[in-house]
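# Understanding the architecture of this molecule
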Amino acid sequence: RLVRLGNFIGTAFQIQDDLLNLDSGASYGKEADGDLREGKRTLMIIHALAHASPADRQRLERFLALARDERSVDEIQWTHDLIVRCGSMEHARGVAAGMAGAALCEFERCFPDHAPGRDLSFLRAMPTWVLQRAH
């Protein structure tokens, strides 16, 4: 059960991290749209590929096939806009929230009769913190 709890928290964390990369601005501390520059296959990219028009899907596939230094600023912006148009960020937010909710359920299964304490409170708060991380 602890492995399941960790997997749910870790998945929610990664999706949230990918969202912050696309939607945070300079305060995030990493290169804005860096995942797009790298061509990472995030949940948002996968969702956009599944929901884009055939022409947009082909253009996105061509973009993903390029080397990092071949991806232009205009193409990165187009890809970002496509992700937004396809509802991929909202989809990812929903998946991350579902993973955090599953983590909370798993937490309750793991620790139904444990006495409250600092460590247990920390672990209980982690799924919520993952979703509320500041930009």
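In short, a report on the structure. (Residues numbered from 1 in each chain as written. Predicted model: local features only at pLDDT ≥ 70, side-chain atom pairs only at ≥ 80, totals over all residues. Heavy atoms only, no water.)

All chains considered together, the criterion is met by two aromatic pairs. Arranged with centres 6.3 Å apart and planes meeting at 25 degrees, the rings of phenylalanine 13 and tryptophan 129 form a pair that is stacked. Taken together, the residues phenylalanine 13 in helix α1 (residues 2-23) and tryptophan 129 in helix α7 (residues 118-132) connect sequence positions 116 residues apart. Seen from their ring centres, phenylalanine 107 and phenylalanine 111 are 5.1 Å apart, and the 45 degrees between their planes marks the pair as tilted. For phenylalanine 107, a relative accessible area of 6% translates into the label buried. A residue is classified by how much of its surface remains accessible, and phenylalanine 111, at 18% relative accessible area, is buried. In this arrangement the basic side chain of arginine 71 is found over the ring face of phenylalanine 63, its NZ or CZ atom lying 5.2 Å from the centre. (Phe/Tyr/Trp six-rings, centres within 6.5 Å; stacked < 30°, edge-to-face > 60°. Helix = DSSP H or I, 4+ residues; strand = E, 2+ residues; numbered from the N terminus. Buried < 20%, exposed > 50% of the residue type's maximum accessible area, 1.4 Å probe, protein only. Lys NZ or Arg CZ within 6 Å of the ring centre and 35° of its normal.)

Turning our attention to the nonpolar core. Ranked by internal contacts, the top residues of the largest apolar core, which has 19 residues, are Met44, Leu60 and Ile83. For this core, the elements supplying multiple residues, two or more each, are α1, α3 (43-51), α4 (54-65), α5 (73-85) and α6 (88-110). Setting aside its immediate chain neighbours within four residues, isoleucine 83 contacts Leu22, Leu36, Met44, Ile45, Ala48, Ser88 and Met89. Phe8, Ala100, Ala103 and Phe107 belong to the second-largest nonpolar core, a separate cluster that totals 11 residues. (Core = buried A, V, L, I, M, F, W, Y, C linked by side-chain atoms within 4.5 Å. Contact = heavy atoms within 4.5 Å.)

Across all of its chains, the model carries zero disulfides by this definition. In this model cysteine 105 remains outside any disulfide bridge; the closest cysteine sulfur is found in cysteine 110, 11 Å from its own. The exposure class of cysteine 105 is partly exposed, given its relative accessible area of 46%. (Disulfide = S-S within 2.5 Å.)

One can find cysteine 105 in helix α6. Placed 51 residues apart in sequence, cysteine 105 and proline 54 show a C-alpha to C-alpha distance of 39 Å.

This next bit is on the pattern of salt bridges. Proximity of charged atoms lets side chains of opposite charge pair with each other. In the structure shown here, the tally under the stated rule is 11 salt bridges. Linking arginine 68 and glutamate 38 is a salt bridge whose minimum nitrogen-to-oxygen distance equals 2.5 Å. Pair noted here: arginine 68 is in the loop between α4 and α5 and glutamate 38 is in helix α2 (residues 34-38), with a separation of 30 residues, a long-range link. Given the relative accessible area of 37%, arginine 68 is considered partly exposed. (Salt bridge = Lys/Arg side-chain N within 4 Å of Asp/Glu carboxyl O.)

Okay, the packing of α3 against α6 next. Packing of α3 against α6 brings their axes to within 9 Å, and their N-to-C directions diverge by 125 degrees. Here α3 lies oblique to α6, going by the angle between them. The handedness of the crossing between α3 and α6 comes out as right-handed. Residue-level inspection shows Leu43, Met44, His47 and Ala48 of α3 in contact with α6, the latter providing Ser88, Met89, His91, Ala92 and Val95. Looking at the contact of α3 with α6, its residues break down into six nonpolar, three polar and no charged. (Axes fitted to C-alpha atoms, helices over the stretch in contact; angles between N-to-C directions. Parallel < 35°, antiparallel > 145°, perpendicular 65-115°, else oblique. Left-handed = near helix turned anticlockwise from the far one by under 90°. Nonpolar A, V, L, I, M, F, W, Y, C, P; charged D, E, K, R; others polar.)

This part is about the side chain of aspartate 33. Relative to the helices and strands, aspartate 33 is located in the loop between α1 and α2. An unpaired buried charge is present at aspartate 33: no salt bridge exists, and arginine 37, the closest side chain of opposite charge, is 5.0 Å distant. In contact with aspartate 33, other than residues within four places in its own chain, are Asn21, Leu22, Ile76 and His80. (Lys, Arg positive; Asp, Glu negative; His and termini not counted.)

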